[in-house]
Amino acid sequence: MAQTHYVPSDQVHYAWDVGNDPVLSIDSGDTIVVHTRDVSDNQIGPQSQSETIASLDWSRVYPLAGPVEVRGAQPGDTLAVEVLDLHTQGWGWTAIIPGLGLLSEDFSEPYLRLFDLTGGDVAHLREDIAIPIDPFLGTMGVCPAGAREQPVMPPGTFGGNLDTRQLTRGATLYLPVQVDGALFSCGDAHAAQGDGEVCVTGLESPMYAALRLSVEKGRPIPAPQYVTRGPLTPRVDRGGWYATTGVGPDLYAGAQEAVRAMIDHLAGTRGLSPEDAYVLSSLCVDLRISEIVDAGQYVVSALLPLAVLR
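This text gives an overview of the structure that appears in the document.

**Here we look at a nonpolar patch on the surface**
Then step 1. Taken together, the side chains of Ile289, Ile292 and Val293 define a hydrophobic patch exposed on the protein surface, amounting to about 320 Å² of accessible area.
Then step 2. Along the polypeptide, Ile289 turns up in strand β20 (residues 286-291).

**Regarding the side chain of His13**
Then step 1. Along the chain, His13 turns up in strand β2 (residues 12-13).
Then step 2. Engagement of the side chain of His13 in a polar contact is seen with the side chain of Asn20, the distance being 3.4 Å.
Then step 3. A distance of 2.8 Å separates polar atoms of two side chains, one belonging to His13 and the other to Ser185.
Then step 4. If near-sequence neighbours (up to four positions away) are discounted, His13 is found in contact with Asn20, Tyr62, Pro63, Leu64, Gly66, Pro67 and Ser185.

**Comments concerning the sheet that holds β20**
Then step 1. Taken together, the three strands give an open sheet; going across it, the order is β19-β21-β20, and neighbouring strands pair in antiparallel fashion. In this open sheet, the two edge strands, each paired with only one partner strand, are β19 (241-248) and β20. On average, each strand axis in the sheet is tilted by 30° relative to the strand beside it, whichever way the strands run.
Then step 2. As judged from the five bridges shared by β20 and strand β21 (residues 298-305), these two strands associate in the antiparallel manner. Paired with Arg288 across the bridge in β21 is Ser301.
Then step 3. Sheet strands touched by helix α2 (residues 251-270): β19, β20 and β21. Its angle to β19, the strand with the most contacts, is close to 140°.

**Considering the pattern of salt bridges**
Then step 1. Going through the model one piece at a time under the given rule, you end up with 18 salt bridges.
Then step 2. Arg71 is the partner of Asp27 in a salt bridge, and the nearest nitrogen-oxygen pair spans 2.9 Å. With Asp27 in the loop between β4 (24-26) and β5 (30-36) and Arg71 in the loop between β6 (64-70) and β7 (78-88), the pair connects residues that are 44 residues apart, well separated along the chain.
Then step 3. A residue is classified by how much of its surface remains accessible, and Arg71, at 41% relative accessible area, is partly exposed.
Then step 4. For the salt bridge of Arg165 with Asp195, the shortest nitrogen-to-oxygen distance reads 3.6 Å.

What counts and how
Counting restarts for each chain: residues are numbered from 1 in the order of the written sequence. Two thresholds apply to this predicted model, a pLDDT of at least 70 for residue-level local features and 80 or more for giving and counting side-chain atom pairs, whereas whole-chain, interface and lining totals are computed over all residues. Calculation of side-chain values draws on the structure's entire complement of heavy atoms; hydrogens and water are dropped beforehand. Only residues whose relative accessible area exceeds 30% and that form no salt bridge enter a patch; like-charged residues are grouped when within 9 Å of one another, and nonpolar side chains (Val, Leu, Ile, Met, Phe, Trp, Tyr) when within 5 Å. Reported accessibility uses the Shrake-Rupley method at a 1.4 Å probe radius. Residues are deemed covered only where the shown protein chains occlude them. We define a salt bridge as a contact between a side-chain nitrogen of Lys or Arg and a carboxyl oxygen of Asp or Glu at a distance within 4 Å. Under the DSSP-based scheme used, a helix requires at least four consecutive residues in state H or I and a strand at least two consecutive residues in state E, with every element numbered from the N terminus. Polar contacts here mean pairs of N or O atoms no more than 3.5 Å apart (in protein, one a potential hydrogen donor and the other a potential acceptor; neighbouring residues in sequence count only if both atoms are side-chain atoms). In this description, contact between two residues means that some pair of their heavy atoms is separated by no more than 4.5 Å. Paired strands are those between which DSSP finds at least two bridges. Interaxial angles span 0 to 180 degrees and are taken between N-to-C directions of axes, which are lines fitted to C-alpha atoms, for helices over the stretch in contact. The rule is simple: take the accessible area with a 1.4 Å probe, protein chains only, and divide by the maximum for that residue type; under 20% is buried, over 50% is exposed, in between is partly exposed.

See the structure below:
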């Protein structure tokens, strides 16, 4: 009979490592309940200011809950992670961090925005800008084969820091098992994020999560795969979209051009500062590859859901 287990909240790790001892051992089909810390490991709090960014201890960034051993999981299997439930813990933050993000050359100073998440199903950047709260775990992964003090960022074929905002309640993530027991870990929860997380942070938040872990024996997959509960953007589909584009031979440069144009648009039409426009882009603007078949000239779109504007 499947059981529910509670992951110890006082035990975290900060790197992928085959030497990390499991905090739990469970059977396939069991559920784990976890309370994850925010990505700063509580270094940023509800009263913090932008100056806090400069003093972050980066050895404490990306605290992960786990690892959880799933008995019977072996390389060549797939671990199915069903997202049963997610709840924020009442507050969150988004920051511009010097040296990081899609437009790091444009934003050289730290900037921090705090959000109250207790007022309903939206977070307000301003009274007339309401960002839908749609929480997910930014990091879910199995331990990479042979990992020794491997940083949580970037992600890999094992999963990890995927920052895939579609992995909300009802979604299932499939991960290729690389070590015996899978050694699953999670953390880096976001209350909201656009596709791209362009300023390098989503709406970072401590989170409650319930996940069911099941082993699919003898099903190898090359990299993470997932299935969603339904429409990709159900919270904003009632409104239209405003899009800016970047066109050229480099998709990364095209994404930069599209987001720069979106920042200019938001500053010009809504009176936002460049910093707040960049933050809003990270939280609800979706980057899309609109066209990649014309040799040397590719189109990246940045799509703003008009439903967030009141």
